[in-house]
Amino acid sequence: MAATLTTRPTGGPGGGARRRRGALGLLAWLCGAVFFLPVAWMLLTSLHSESDAATNPPSPGAPLTLQGYREFFGASTGVSPWPPLVNSFSASLLSTLLVLVLSVPAAYALSIKPVRKWTDAMFFFLSTKMLPAVAGLLPVYLIAENSGLLDNVALLVILYTSMNLPIAVWMTRSFLAEVPVEILEAAAIDGAGLPTVLARIVAPVVAPGIAATSLICFIFSWNELLFARVLTGVVAGTAPVFLTGFVTSQGLFLAKVCAAAVCVSLPVLVAGFAAQDKLVQGLSLGAVK
């Protein structure tokens, strides 16, 4: 009996799957372009003169200049942006480190070694984010004034730590819940204590998740404006506060503001780009079994 050879049609299931993947890929690129368009427009506007940036609509083909960046670095006013940038970096970095020191043991106790009524503890952490920040502004101001912490970077570190800690606990707990229990049991049999388990076993497994949590907390701290605007002044002013200083009673200088916004946003953009693989891996940890 002669064997009958059959071939798969070109438009079969395999071709349909490839077309769907291609369509989804194209849609992802389009979404990325839509989100990146305001950033590109801000960058282009920062390279224009004030007269060209003020036209409606702005002209993309206008001559390019670095005058807005020279103004940001104090070419005409002599005001340096470096102290506010250093204040933002110090407050964001120190608060992020404190958040990690506090959130990892808390998440360990709420996931791997669950305490009694751990769901109530998780709800308590979440409930602290339900109060609008402006509602707690006056009490925080009075406490800072009576404690002598106004216009102090240490106050920002404490505030940013308390603001980001609930988010960090929730994120870190979801990452720690994916750690295999067998590894921890083997470490306990070998006599490893809690510090050893956290440093040598848990931390390497959930490193992408910790990196994602750190980056998100750093970005939230860097971008915070409300408390920094009210509780700081000349000494501890942050980069977002310095950015608002470009909106004066003389009017809104669009090119100068866009140049300042690009410079202030650059550190977090660089950090996000450098850690994008860890961020994606950490946020997707546990999504696929």
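Fair warning: this is a prediction, and the values are worked out from it, not measured in the lab.

Visitor: Explain the nonpolar core residue by residue, including any values.
Guide: Residues Tyr108, Ile112, Leu176, Leu184, Val202 and Val206 are the most contacted members of the largest nonpolar core, which totals 18 residues. Elements that contribute at least two residues to this core include exactly α4 (82-111), α7 (153-176), α8 (181-189), α9 (194-205) and α10 (207-223). Among residues more than four places away in sequence, those in contact with Val206 are Phe175, Leu176 and Val179. Residues Leu85, Ala239, Val257 and Val264 belong to the second largest nonpolar core, which totals 15 residues.

Visitor: Can you tell me about a positive patch on the surface, naming the residues and giving the values?
Guide: Residues Arg18, Arg19, Arg20 and Arg21 make up a contiguous surface patch of positive charge. Mapping Arg18 onto the fold places it in helix α1 (residues 13-46).

Visitor: Please give an account of the packing of aromatic side chains that cites residues and values.
Guide: Overall, the coordinates contain 6 aromatic pairs when judged by the stated rule. With 5.0 Å between their ring centres and 85° between their planes, Phe72 and Phe73 make a pair best called edge-to-face. The class of Phe72 is buried, set by a relative accessible area of 1%. When the ring of Phe218 is compared with that of Trp222, the centres are 6.0 Å apart and the planes differ by 25°; the resulting orientation is stacked. Here the residue Phe218 and the residue Trp222 both occupy positions in helix α10, the gap between them amounting to 4 residues, near one helical turn.

Visitor: Please give an account of a nonpolar patch on the surface that cites residues and values.
Guide: A grouping of Phe89, Leu93, Leu94 and Leu97 is seen on the molecular surface, where their side chains present a nonpolar patch of about 360 Å² in accessible area. Locating Leu97 in the fold gives a position in helix α4.

Visitor: Explain unusual backbone geometry to me, using residue names and the numbers behind them.
Guide: Positioned with a positive phi, Asp151 is a non-glycine residue whose angle comes to about 55°. Relative to the helices and strands, Asp151 resides in the loop between α6 (137-147) and α7. Assessed through its relative accessible area of 22%, Asp151 is described here as partly exposed.

Visitor: How would you summarise the packing of α8 against α9 if you had to cite specific residues and measurements?
Guide: Relative orientation of the contacting elements α8 and α9 amounts to 140°, with a least axis distance of 11 Å. The element α8 and its partner α9 pack so that their crossing is right-handed. Residues Ile183, Leu184 and Ala187 of α8 lie in contact with α9, whose contacting residues are Val197, Ile201 and Val202. Broken down by class, the residue content of the contact of α8 with α9 amounts to 6 nonpolar, no polar and no charged.

Visitor: Hey, could you go over α9 for me, with residue numbers and the actual values?
Guide: Its 12 residues place the ends of α9 15 Å apart at the C-alpha level, agreeing with the 16 Å of an ideal helix rising 1.5 Å per residue. Every buried residue of α9 is accounted for by Val197, Leu198, Ile201 and Val202. In an axial view of α9, the angular spread of the buried residues amounts to 130°, which keeps them on one side of the axis. Turned more than 90 degrees away from the buried face of α9 sit Pro195, Ala199 and Arg200, all of them exposed. Turning to α9, the residues buried within the fold contact α4, α7 and α8.

About the cut-offs
Residues numbered from 1 in each chain as written. Predicted model: local features only at pLDDT ≥ 70, side-chain atom pairs only at ≥ 80, totals over all residues. Heavy atoms only, no water. Core = buried A, V, L, I, M, F, W, Y, C linked by side-chain atoms within 4.5 Å. Buried < 20%, exposed > 50% of the residue type's maximum accessible area, 1.4 Å probe, protein only. Helix = DSSP H or I, 4+ residues; strand = E, 2+ residues; numbered from the N terminus. Contact = heavy atoms within 4.5 Å. Patch = residues over 30% accessible without salt bridge, like charges linked within 9 Å, V, L, I, M, F, W, Y side chains within 5 Å. Areas by Shrake-Rupley, 256 points an atom, 1.4 Å probe, with all protein chains shown as cover. Salt bridge = Lys/Arg side-chain N within 4 Å of Asp/Glu carboxyl O. Lys, Arg positive; Asp, Glu negative; His and termini not counted. Charge placed at Lys NZ, Arg CZ, Asp CG, Glu CD. Phe/Tyr/Trp six-rings, centres within 6.5 Å; stacked < 30°, edge-to-face > 60°. Axes fitted to C-alpha atoms, helices over the stretch in contact; angles between N-to-C directions. Left-handed = near helix turned anticlockwise from the far one by under 90°. Nonpolar A, V, L, I, M, F, W, Y, C, P; charged D, E, K, R; others polar. Expected span 1.5 Å × (residues − 1). Arc of directions from axis to C-beta.

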